[in-house]
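Architecture and fold: a report
Here is how the chains run, residue by residue.
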Amino acid sequence: GLGADGVEQSSVGARAGWTGSSARAVLLLTLFDATTEIDGFAFGRGPVDDANQTQDSRGLQLAGRLGWEGTRWELDLTASRSDQRLETLDPDGFTTFFGYRADRDEIDLQASLRGAATTLTGGIETRLEAARTESRSSFGNRGFDDSTRTTGAFAHVSREVSAGWH
């Protein structure tokens, strides 16, 4: 290599759950954090040892689910959050900073009703996704910030058909 590069990385994951006679709950959590010291690149020269260039990345994922069940019905509610970040710093480089952040929030609701031979299932989901970037260089500062929301619904009917040979 070109010099002493390094990586520091940590992560944690956890899951907790509970189940009762007619209800259940689950919670999931994942976190990570990493720092990398990497070589730079000089136009016309190629890779160069750069003790000042670092890259940091962080992430969070959190999800929870609640469920209830009766003799003829079932209901599930799920919510989740995801947050990802990345930043590259190079104070003496051509591009002194580059970063992005991406987030996603989601909620789902699903219900089922069971009859003697028919099951009706329906649900709705909504998701908000956002992304932001920023870049600072000798050409100036650039970036974007955008988001979108998506919502959907569904319904499904299933019927048990009994057939036999006589």
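Summary of the structure given here. (Residues numbered from 1 in each chain as written. Predicted model: local features only at pLDDT ≥ 70, side-chain atom pairs only at ≥ 80, totals over all residues. Heavy atoms only, no water.)

A short note on the overall build of the protein chain
In plain terms, the rule: Secondary structure counts use DSSP, requiring at least four H or I residues in a row for a helix and at least two E residues in a row for a strand, with both numbered from the N terminus. Note on exposure labels: buried denotes an accessible area under 20% of the residue type's maximum, exposed denotes more than 50%, and partly exposed covers the range between, all computed with a 1.4 Å probe on protein chains only. In short, Shrake-Rupley with a 1.4 Å probe defines the accessible areas, and a residue's cover is counted only from the protein chains shown.
The helix and strand tally for the protein chain stands at zero helices and nine strands. Across the protein chain, helices and strands are ordered from the amino to the carboxyl terminus as β-β-β-β-β-β-β-β-β. With 166 residues in all, the protein chain has 17% of them scored as buried. On the protein chain, roughly 11800 Å² of surface is accessible, and the fraction owed to carbon and sulfur atoms is 55%.

Examining the environment of Asp145
In plain terms, the rule: Residues count as neighbours in contact if any of their non-hydrogen atoms are within 4.5 Å of one another. N or O atoms within 3.5 Å of each other form a polar contact, as long as, within protein, one can give a hydrogen and the other can take it, and as long as residues adjacent in sequence are counted only when both atoms are side-chain atoms.
With respect to the helices and strands, Asp145 occurs in strand E9 (residues 140–159). Given the relative accessible area of 56%, Asp145 is considered exposed. Residues Asp145 and Glu134, eleven residues apart in the sequence, show an inter-C-alpha distance of 8.8 Å. When sequence neighbours within four positions are dropped, the list of residues in contact with Asp145 reads Ala131 and Arg132. Side-chain polar atoms of Asp145 contact the side chain of Arg132, separated by 3.4 Å.

Structural notes on the side chain of Asp56
Mapped onto the secondary structure, Asp56 falls in strand E5 (residues 54–69). Reaching out from Asp56, the side chain makes a polar contact with the side chain of Thr35 at a distance of 2.7 Å. Apart from residues no more than four positions distant in its own chain, Asp56 is found in contact with Ala34, Thr35, Arg85, Leu86 and Glu87.

Some remarks on the packing of aromatic side chains
Under the convention used in this document: Working definition: rings of Phe, Tyr and Trp (its six-membered ring) pair if their centres are within 6.5 Å, and the pair is stacked with planes under 30 degrees apart, edge-to-face with planes over 60 apart, and tilted otherwise. We call a charge positioned over a ring when the NZ of a Lys or the CZ of an Arg lies within 6 Å of the ring centre and within 35 degrees of the ring normal.
Evaluation of the coordinates by the stated rule reveals zero aromatic pairs. If you follow Arg136 out to its NZ or CZ, it ends over the ring of Phe97, 4.2 Å from the centre.

Here we look at a nonpolar patch on the surface
Selection rule: Patch membership requires more than 30% relative accessible area and the absence of a salt bridge. Residues of like charge join within 9 Å; the nonpolar side chains Val, Leu, Ile, Met, Phe, Trp and Tyr join within 5 Å. Whenever Lys or Arg places a side-chain nitrogen within 4 Å of a carboxyl oxygen from Asp or Glu, that contact is recorded as a salt bridge.
Judged by side-chain polarity, Leu66, Trp68, Trp73, Leu77, Ile107, Leu109, Leu113, Leu120, Ile124 and Val157 come together as a nonpolar surface patch covering roughly 880 Å² of accessible area. At the level of elements, E5, strand E6 (73–89), strand E7 (95–114) and strand E8 (118–137) are the ones that each hand at least two residues to the nonpolar patch. No other element matches the three residues that E7 contributes to the nonpolar patch. With respect to the helices and strands, Leu120 occurs in strand E8.

Remarks on the environment of Ser147
Positionally, Ser147 belongs in strand E9. Here Ser147 falls in the partly exposed class, since its relative accessible area comes to 45%. C-alpha separation for the pair Ser147 and Ala131, spaced 16 residues apart in sequence, amounts to 6.3 Å. Once you skip the residues sitting within four places of it in the chain, Ser147 turns out to touch Leu128, Glu129 and Ala130.

Remarks on the sheet that holds E7
So the rule is basically this: Pairing between strands requires that DSSP locate at least two bridges from one strand to the other. Between N-to-C directions, angles cover 0 to 180 degrees, with each direction set by a line fitted to C-alpha atoms, over the stretch in contact for helices.
The strand order E1-E2-E5-E6-E7-E8-E9 describes an open sheet built from seven strands, whose pairing is antiparallel. This sheet does not close on itself; its edge strands, each paired only once, are strand E1 (6–19) and E9. With strand direction ignored, the average angle separating the axes of adjacent strands in the sheet is 5 degrees. Note that E6 and E7 share 17 bridges and pair antiparallel. In the strand pairing of E7, Ser80 is matched with Glu106.

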